[in-house]
Amino acid sequence: MGAEVGVEPEAAALGGRWVEYRFLRRNRRTIGITVDARGLTVAAPVRAAWRDIEAFMRDKERWILDKLQQWAGVPRPTVLQVASGETLPLFGDPVVLEVREGGRAVRREAGRLLVCAPGPRRLAEILVGWLKATALETLVPRVEHFAAALGLPAPRVALSNARGQWGVCTEGGRIRLNWRLVHLEPALADYVVAHEVAHLVEMNHSKRFWQHVAGLYPAWREAREQLELKGAALPIIGRPQ
């Protein structure tokens, strides 16, 4: 992706109403449109004419409006204090927290998660530590599965805390996965794993890369879209981790 030249607030008439959007000029060849939690963003080549940009947006009007409506329905992330009665998602299903004073332990039971800590200040630390361990335990076998499907040895796997990135594959063949994947349905986590494993073969986002992804995870387009929407609503546990 090219260097960012500037960011400007703009507005366009779409579907009979004014839609605000972020406008960027970049060192790129084509006009691109994205809709996410921040709203609509339009990125255009440095020398692209406004008439071409506006025509492109009119051509994508229905898609833009549909996406904006989808994102408007996404709830804002809740901040969990790790208190009894709060709910968080685990593998896509809601579980109710039950907090008790005692040793350091987390136990999953039917529909609930029992969190024990020697004091309230340690609750978030203990819960996040358990979620990270559970994520690693769950994700490593999936990495091994998809690597084997490509005829590759199992790579080294580590966890990431990054809030804006689900996974990364390094030049050295190491995969880092966001521990918050433990909140999501296993099928969505599988898409992230398949994506990063495909980078073991192609360290880019070329056509061949996406062919590898499709071979590992045929429904990757739908999963990528759901991942963006559901990921934006994931809770924040205590202070950001």
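Residues numbered from 1 in each chain as written. Predicted model: local features only at pLDDT ≥ 70, side-chain atom pairs only at ≥ 80, totals over all residues. Heavy atoms only, no water.

Visitor: Can you walk me through the packing of helix 3 (residues 123–149) against helix 4 (residues 186–198) in this structure?
Guide: Relative orientation of the contacting elements helix 3 and helix 4 amounts to 50 degrees, with a least axis distance of 9 Å. By the criterion of interaxial angle, the relationship of helix 3 to helix 4 is oblique. The two elements helix 3 and helix 4 cross, and the hand of that crossing is right-handed. Facing Leu139, Arg142, Val143, Phe146 and Ala147 of helix 3, the residues of helix 4 in contact are Ala189, Asp190, Val193, Ala194 and Val197. Here the contact of helix 3 with helix 4 is composed, by residue class, of eight nonpolar, no polar and two charged. (Axes fitted to C-alpha atoms, helices over the stretch in contact; angles between N-to-C directions. Helix = DSSP H or I, 4+ residues; strand = E, 2+ residues; numbered from the N terminus. Parallel < 35°, antiparallel > 145°, perpendicular 65-115°, else oblique. Left-handed = near helix turned anticlockwise from the far one by under 90°. Contact = heavy atoms within 4.5 Å. Nonpolar A, V, L, I, M, F, W, Y, C, P; charged D, E, K, R; others polar.)

Visitor: Got a minute to help me understand the environment of valine 106 in this structure?
Guide: Take valine 106: it is sitting in strand 8 (residues 105–109). For valine 106, a relative accessible area of 17% puts it in the buried group. (Buried < 20%, exposed > 50% of the residue type's maximum accessible area, 1.4 Å probe, protein only.)

Visitor: Explain the side chain of asparagine 178 to me, please; I cannot follow it from the model alone.
Guide: Its location among the elements puts asparagine 178 in strand 12 (residues 175–178). Residue classification places asparagine 178 among the buried positions, given a relative accessible area of 1%. Reaching out from asparagine 178, the side chain makes a polar contact with the backbone oxygen of glutamine 165 at a distance of 3.1 Å. Sequence-distant contacts of asparagine 178, that is, excluding residues within four places in its chain, are made with Leu139, Ser160, Asn161, Ala162, Arg163, Gln165 and Trp166. (Polar contact = N/O pair within 3.5 Å; in protein donor to acceptor, adjacent residues only side chain to side chain.)

Visitor: Any chance you could explain the pattern of salt bridges here in plain terms?
Guide: When their charged atoms lie close together, side chains carrying opposite charge are able to pair. Tallying each qualifying case throughout the model produces twelve salt bridges. Among the ionic pairs, arginine 112 bridges to glutamate 109, the shortest N-O distance being 2.3 Å. With a relative accessible area of 26%, arginine 112 lands in the partly exposed category. Through salt bridges with shared partners, one network takes in Glu98, Arg100, Arg107, Glu109 and Arg112. (Salt bridge = Lys/Arg side-chain N within 4 Å of Asp/Glu carboxyl O.)

Visitor: Is there a simple way to explain the sheet that holds strand 7 (residues 93–101) in this structure?
Guide: With mixed pairing, the four strands of this open sheet are ordered in space as 6-7-9-8. The sheet is open, and its two edges are formed by strand 6 (87–90) and strand 8, each paired on a single side. Between one strand and the next, the sheet's axes are offset by a mean angle of 35 degrees, whatever the strand orientation. The pairing of strand 8 with strand 9 (residues 112–117) spans five bridges and is antiparallel. Residue pairing in the sheet places glutamate 109 in a bridge with arginine 112 of strand 9. Running at roughly 125 degrees to strand 9, helix 3 makes contact with strand 6, strand 7, strand 8 and strand 9 of the sheet. (Pairing = 2+ DSSP bridges.)

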